[in-house]
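Structural overview
Listed here are the chains, written in short residue letters.
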Amino acid sequence: MRRPLRLLAVVGAVVALAGCASATPAPAASEDALSGTVEVYAAASLQRSFDEIAAAFEAAHPEVTVSAVYDGSSTLATQIGEGAPADVFASADEKNMAKVAAQAPDPQLFAGNTLVIAVPKGNPGAVATLADLARVTTVLCAPEVPCGAASQTLLSNAGVAVTPASAEQNVTAVLTKIAAGEADAGLVYATDVAGRDDVESIVPAGADAVVNRYPIAALTDAPNPETAAAFVAFVLGEDGQRVLADAGFRSP
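Residues numbered from 1 in each chain as written. Predicted model: local features only at pLDDT ≥ 70, side-chain atom pairs only at ≥ 80, totals over all residues. Heavy atoms only, no water.

**Points about the packing of aromatic side chains**
Threshold: Stacked, tilted and edge-to-face are the three classes assigned to paired rings of Phe, Tyr and Trp, where Trp is represented by its six-membered ring and a pair needs centres within 6.5 Å; plane angles under 30 degrees give stacked, over 60 edge-to-face, the rest tilted. Helix and strand definitions follow DSSP, with helices as H or I runs of at least four residues and strands as E runs of at least two, each counted in order from the N terminus. Exposure is judged per residue with a 1.4 Å probe applied to protein chains only, and the accessible area is read against the type maximum: over 50% gives exposed, under 20% gives buried, and values in between give partly exposed.
The final tally for this structure, using the stated rule, is seven aromatic pairs. When the centroid spacing of 5.5 Å and the interplanar angle of 80° are considered together, the rings of Tyr214 and Phe249 count as edge-to-face. Within this pair, whereas Tyr214 is found in strand 10 (residues 212–218), its partner Phe249 is found in the segment after helix 9 (238–246), the two being separated by 35 residues in sequence. Here Tyr214 and Phe249 have matching classes, each one buried. By the ring-pair criterion, three or more aromatic residues cluster together here, those being Phe50, Phe57, Phe110, Tyr189, Tyr214, Phe231, Phe234 and Phe249.

As structure tokens, this is what we get:
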């Protein structure tokens, strides 16, 4: 009788050990399958915010690298239409996103922005209103660029005609010339002057009536589609929206 009892004891011990093994969770495999590089083409006015968003996204997904290209939305749309290997496109207006509708059939709005008059520190041209832009050296974005189209609408609404000293391909170039004292004034986005001490800004009458809405989309031929979709979701999510709000962007 002792042998059967001994056998039962051994079997019981094995079962008990098996139970302990099943009760102890195995080391969890990483659920983050995202990896590689995600190429983000974004409007120049998004650079500071998207640099911060990219860093936060990389921190959340250690195997991912975000490579961002910033320029005027019209330039980026042209490059995407010509086959640039972008994963994500974030435009400063809906018009330029529509140019790549075949590659971006499902854009989503994620931010809004308005214009301000930017002047060099000290405001040497004594600019106070939109009408003053007609008498001083003014730089604007080119009409095909979102900030340029918005500028033309704002000036037209105010009945002001301005012949710019130069028409730049992105808002960063406009602000660079103003900060360097190469122009007395220009129209840029409110977010572009936030936190800067080398320029001053004036909110012109009618600015609230001209709001640029920013769409974002993962492209259908994205080289890294899963990571592209995740980046778009991050921008639309709580963390991305907080960064944008802190930078002065409006809700779309």
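**Overview of the side chain of Thr114**
Basically, it comes down to this: The contact definition used throughout considers only heavy atoms, calling two residues in contact when any of these lie within 4.5 Å.
Structurally, Thr114 can be placed in the loop between strand 4 (108–113) and strand 5 (115–120). Looking at Thr114, the relative accessible area reads 9%, which means it is buried. Dropping the residues within four chain positions of it, Thr114 is found in contact with Val188, Tyr189, Ala190, Ala207, Val210, Val211 and Arg250.

**Examining helix 2 (residues 47–60)**
How we decide: For a helix, the expected span equals 1.5 Å multiplied by the residue count minus one. Throughout, the arc means the angular range of directions from the helix axis out to the C-beta atoms.
Taking 1.5 Å of rise per residue, the 14 residues of helix 2 would be expected to cover 20 Å, and the 20 Å separating its terminal C-alpha atoms lies within 8% of that figure. Buried within helix 2 are the following residues: Ser49, Phe50, Ile53, Ala54 and Phe57. For helix 2, the angular spread of buried residues about the axis comes to 135°, placing them on one side.

**Quick word on the pairing of strand 10**
For clarity, the cut-off: Two strands pair under a simple rule: DSSP has to find at least two bridges between them.
The buried count for strand 10 comes to five of seven residues, which makes it a mostly enclosed element. Relative to strand 10, strand 3 (residues 88–90) is paired through three bridges, and the arrangement is antiparallel. What sits directly across from Ala90, in strand 10, is Ile216. When strand 4 meets strand 10, the two strands line up antiparallel, connected through five bridges. In the strand pairing of strand 10, Asn113 is matched with Asn212.

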